[in-house]
Structures are given as structure tokens and as C-alpha cells.
Amino acid sequence: MDTFDIIVIGMGPGGEHVAGTLAERGLRVLGVDHGLVGGECPYWGCIPSKMMVRAGDVLAEARRVDGLAGAVGDVRPDWSVVARRIRDEATDDWNDRAAVERFTKKGGTFVRGTGRIVGAGRVDVDGKPYAAERGIVVNAGSRAAIPPIEGLDAVPYWTNRGLIEAKELPGSLVVLGGGAIGCELGQAVARFGVDVTIVESGPRLLSAEEPEASEKLAVVFEREGIEVCTGVAASRVSGGDGGVEVTLDDGTSLSAERILVATGRVTDPGAVGLGSVGVPEDARVAPIDERCRVTSNVWAIGDLTGKGAFTHVSMYQAGIVIRDVLGQDGPAADYAAVPRVTFTDPEIGAVGLTQAKARDGGLEVTVGVTPLGETTRGWIHGVGEDGFIKLVADPARGVLVGATVMGPYAGEILGALAVAVHAKVPVETLSSMIYAYPTFHRGIETALADLKGHA
Ligand SMILES: Cc1cc2nc3c(=O)[nH]c(=O)nc-3n(C[C@H](O)[C@H](O)[C@H](O)COP(=O)(O)OP(=O)(O)OC[C@H]3O[C@@H](n4cnc5c(N)ncnc54)[C@H](O)[C@@H]3O)c2cc1C
């Protein structure tokens, strides 16, 4: 049996980092992936979707020239430019040879196949047994959730993968799901002229975020011609290559050339054999401790752990596992300040707890809000400045426990607030800082003052 120190099953962003780093440190590392090394993020997730978003934003900005800077003439969107960039620059036509080579050059061994833990220190890859003397790291990720809607299986629906690989866009698109992926992709293609309808069964878009963000985003979408249907679910889908008809549970129906399913992600710890090391077969996520250990010699990282389906969480956990395997000291995992950004225009960045989550957790919080349009920079910016800064503070400890920024560059402005929540910077200290004029982040100072008003 081929024996290694460490076997990494699933080479998503975190798995690739763990495998490569440990191989560089001289450990015998086997990396296993049945898909592409790098995982969802570079091929069908963060990177190509943000290329689409960037392209859509450029079109929107060009259309804003009128009234701010003159006239730009005829803006003619061309999806083939985006499709080519995604194929040639981002994904190498969905080929991972560069990533595999990067790993093997570090000394790792790569096997393409489906890995499964079959006992302590034992992994099966498509029928071939392997042994791991130091341990096994699982980074099996997540896949698009497909809701059990009558007729859906019979139509050629897209998930994120289908849309990201698309060489051409349809004339119209029904997006099932108003979460981050549905909103980002829906808005990006709408800016290329696709007639987009977003169907969200919950009461609002981006249900995990502050309701103010959901409301404002719905207004922006309506203004841009994106139809938003909330509080209704698709109950039946019919049609074929020529187009689909979606029946909603309020009795109305929608028709479109295509349907995009963006109703969340599913994880499956059982599929990777975590049951064989004691994880309940019906577990929805891999249970981990503060060092990402499932057992003393099995670690899990990434979407599979349910700590935040983000590349930065996968990479953060990878760092913890690397230190643990190498026996190095380091801080235990702390998820109190996980930042998250929805890359719509305007962006919505958040860190820590929302007001509702904090209250659900029993905290008596105070909030402070600045509408971005009331800041000097927001006013100067003009069209496209929709947004706000909202701070959630725990007055008992005098620190922020959460914050949301909606607006241009919100993901960048969020950086300051992520430091504040992570490092538990006292509100007094934040209030005594100097904020550059006229920046968007200067709105933090005003929101802090508002916070005091509510204390
Ligand atoms: C459209 C979209 C946009 C996104 N945008 C962002 C963003 O802007 N920012 C952000 O932080 N995150 C974003 N994400 C999420 C991000 O892609 C994931 O959180 C990230 O890829 C980390 O996932 P992971 O490390 O758990 O593994 P994944 O990337 O899911 O990779 C898991 C790997 O494991 C392999 N695998 C699974 N099971 C097995 C097995 N049994 N044997 C062998 N191999 C196996 C798979 O083939 C895959 O390569 C986005 C996701 C999507 C879908």
C-alpha cells in the first residue's frame, strides 16, 4: 500500500494550501481531487464570478457618465469578451495543469480520483488503498443545492457552473434564489441586457444580512430593471431547450430562456467517509474543534465545516491545520469576525453579528447608522452611492460586535471594521481616531456618534 504522512482529500483553496505547504516542509503528501485542483473558487466561483461582476460594473459606470462627465456614446456590451477572459485568463479552459504542477514541484504527489476515508489512517481512491501515517485532511467543499421542484430535472437548468462556462447569454433568465450568488450573477448579466427575474422564497434578498441592505438592494435592482419576487417559491418548472416556464406557488408563472438555480450549497461529510471516524452519517457539516480537528488525526476545513462558505475561511483554517500538523503554536480558530462581501453594485460587506443575530444571542446591543448619501463623499459620488454604514455595539463591553457597509467599495471599507470587531477595539478608541476627508469610511465616525446617541 502506498504510504504518506498526510493525505488531503479535496484540493479546494484550503486543501491545496495545506498540501503544498506541508510538501514544501518535507512531509510525504498525497493530494486527491476528482475535479480540478484549486476547487470551486478559481474555476466556477469567486474569480470568474468577479470577472463577470467587474464587467457588469464597467458597463454600469459607463452608463453613468451622462450627468457626471459628459456623454459616452453608445455602450455596446459583448459577453464574448467576458467569456474569453474567464476561459483564457482565469481558468485555462477549465484545466488545472498549472495548479497540479505547482503542487508536484513542491514535492507532493497528486492522484485524480474520488477519495474516501475507510478507517483510521486509511483512504480509498477509486478502489486503490492508501495509508496516512500522520493524518488526513478533508477539504471536500460544497456543491450547488438543487431544490426538489417538480419538472426541474427535465429542463436544462444552470447552476453557477453553467453560467460561468456560458459562451453566450440567454435573452432572459429566471434566477431561483436571492442569496449572494443569485444577486451577484443576476445583476452582472442583467447589465449585459439579459432580462432577469429573481425568485426568492424568503421575505427578502440576502436574508442573512441586515434588512436595510436587502431593502436597498431590491430598490437598486428594480431601478435597473431586474424583477424581484420575494415570498414566493417555484413549485413547477416545464419546458426545454427553447425556454422554461416557472410556476410560482402564488399561482402566477414566469417564462424565460434559461433558469439559474442559486438556492444555496450542500455539504456531505458522509460522502467522504467521515462516518468511518465517528461522524454521524446524517451530519450536514464536519464537526471540528478549535484546531479544525474532527479526531486526533483527521482535520476538516472549508465549506464542509459550516463556518462560512468563503475562500478566506478555507485559507484561514488551512493555516491552523498546517500549524497543528507541524506542532507549532498559534491562536485557536475564532469565527467572531468572519468578513463577508456580496459583490453587487453597490457592494454589501459585513462582519460579525447583525443586529438581529446579536439580539437572538441575548446581547442588548445598540446600533449606529450613517446613510452614505449623507456623507460628503457619498454626495460627491452621486449616482451609485446607495448605501449606509451600520454598526452593532455591545455597550456592556464597549466594543463593536458587528458592522455592515453598503456602498461603492464596501468590501474595502469593511477592512477597518473587521479590525475593530476582530481586535475588540474599544468604541472610545474608534471615536478618537482621525478619519480622512472626504472618504466613504469617514462615515464610520458619524455612525459611531449615532451609536452614542442610542446608548
Ligand atoms: C458563484 C460563486 C461565487 C463565489 N464567490 C466567492 C467570493 O467572492 N468570495 C469567497 O470568499 N467565496 C466565494 N465563493 C465560495 C468559494 O468558492 C468557496 O468557499 C471556496 O471555494 C472554498 O471552498 P472549499 O475550500 O471548501 O472547497 P471547494 O472549493 O469546494 O473545493 C473542494 C474540492 O474537493 C474536491 N472533492 C470533493 N469531494 C471529493 C472526494 N471525495 N475526493 C476527491 N476530491 C473531492 C472537489 O472536486 C473540489 O475540487 C463563491 C462560490 C460560488 C459558487
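Structure: see above.
Residues numbered from 1 in each chain as written. Predicted model: local features only at pLDDT ≥ 70, side-chain atom pairs only at ≥ 80, totals over all residues. Heavy atoms only, no water.

Helices and strands together make up the secondary structure of the chain, namely 14 helices and 22 strands. For 455 residues, the compact-globule formula gives about 23 Å, and the C-alpha radius of gyration of the chain, at 23 Å, lands near that figure. When the backbone C-alpha atoms are referred to their principal axes, the chain occupies close to 70 × 60 × 40 Å. The 455 residues of the chain split such that 51% are buried. Relative to all contacts within the chain whose residues are 6 or more apart in sequence, the contacts with residues 24 or more apart total 64%. Accessible surface for the chain amounts to roughly 20200 Å². Of this, 51% is attributable to carbon and sulfur atoms. (Helix = DSSP H or I, 4+ residues; strand = E, 2+ residues; numbered from the N terminus. Rg over C-alpha atoms; globule rule 2.2 N^0.38 Å. Buried < 20%, exposed > 50% of the residue type's maximum accessible area, 1.4 Å probe, protein only. Contact = heavy atoms within 4.5 Å. Areas by Shrake-Rupley, 256 points an atom, 1.4 Å probe, with all protein chains shown as cover.)

In spatial order, the strands read β11-β12-β13; together these three strands make up an open sheet with antiparallel pairing. At either margin of the open sheet sits one strand with a lone partner, and together these are β11 (234–240) and β13 (253–256). For this sheet, the mean angle separating the axes of adjacent strands, direction not counted, is 15 degrees. Relative to β13, strand β12 (residues 243–248) runs antiparallel, the two sharing four bridges. Paired with V246 across the bridge in β13 is L254. (Pairing = 2+ DSSP bridges. Axes fitted to C-alpha atoms, helices over the stretch in contact; angles between N-to-C directions.)

Considering soluble globular proteins, one finds that nonpolar side chains tend to be buried as a cluster. Residues I6, I7, V18, V29, M52, V196 and L274 are the most contacted members of the largest nonpolar core, which totals 88 residues. Leaving out residues up to four positions away in the same chain, I6 has contacts with L22, L27, R28, V29, L30, R134, G135, V137, W299 and V325. Counting residues in hydrophobic clusters, the runner-up holds 25 residues, among them L414, A418, A420 and L430. (Core = buried A, V, L, I, M, F, W, Y, C linked by side-chain atoms within 4.5 Å.)

Overall, parallel pairing links the four strands, which are arranged β10-β9-β8-β14 in an open sheet. Because the sheet does not close on itself, it has two edges, and the strands there are β10 (227–230) and β14 (258–261). Pairs of neighbouring strands in the sheet enclose a mean axial angle of 20 degrees, with direction left out of account. Pairing of strand β9 (residues 195–200) with β10 involves four bridges; the strand directions are parallel. Directly across from I198, in β10, lies its bridge partner V228.

Counted by the stated rule, this structure contains 25 salt bridges. For E101, the salt bridge identified is with K105, shortest N-O distance 3.1 Å. Residue E101 and its partner K105 are both found in helix α5 (residues 97–105); the two are separated by four residues, about one turn of the helix. For E101, a relative accessible area of 41% puts it in the partly exposed group. Residues E210 and K390 are paired through a salt bridge, measuring 3.0 Å at the closest nitrogen-oxygen approach. One end of the pair, E210, is in the loop between β9 and α8 (211–223); the other, K390, is in strand β21 (residues 388–394), and 180 residues separate them in sequence. (Salt bridge = Lys/Arg side-chain N within 4 Å of Asp/Glu carboxyl O.)

Around the ligand, a shell composed of 37 residues is seen, among which D33, K50, G115, D303 and S314 lie nearest. Between the ligand and D33 there is a distance of 2.6 Å, counted from an oxygen atom to a side-chain nitrogen or oxygen. A distance of 3.3 Å separates an oxygen atom of the ligand from a polar backbone atom of L36. Bound to the protein, the ligand loses 91% of the 1000 Å² it would expose on its own. Sorting the residues of the shell around the ligand by element identifies β2 (29–33), α2 (40–44), α3 (46–63) and α9 (311–325) as the ones contributing at least two each. Split into classes, the residues belonging to the shell around the ligand amount to 14 nonpolar, 18 polar and five charged. (Near = heavy atom within 4 Å. Polar contact = N/O pair within 3.5 Å; in protein donor to acceptor, adjacent residues only side chain to side chain. Nonpolar A, V, L, I, M, F, W, Y, C, P; charged D, E, K, R; others polar.)

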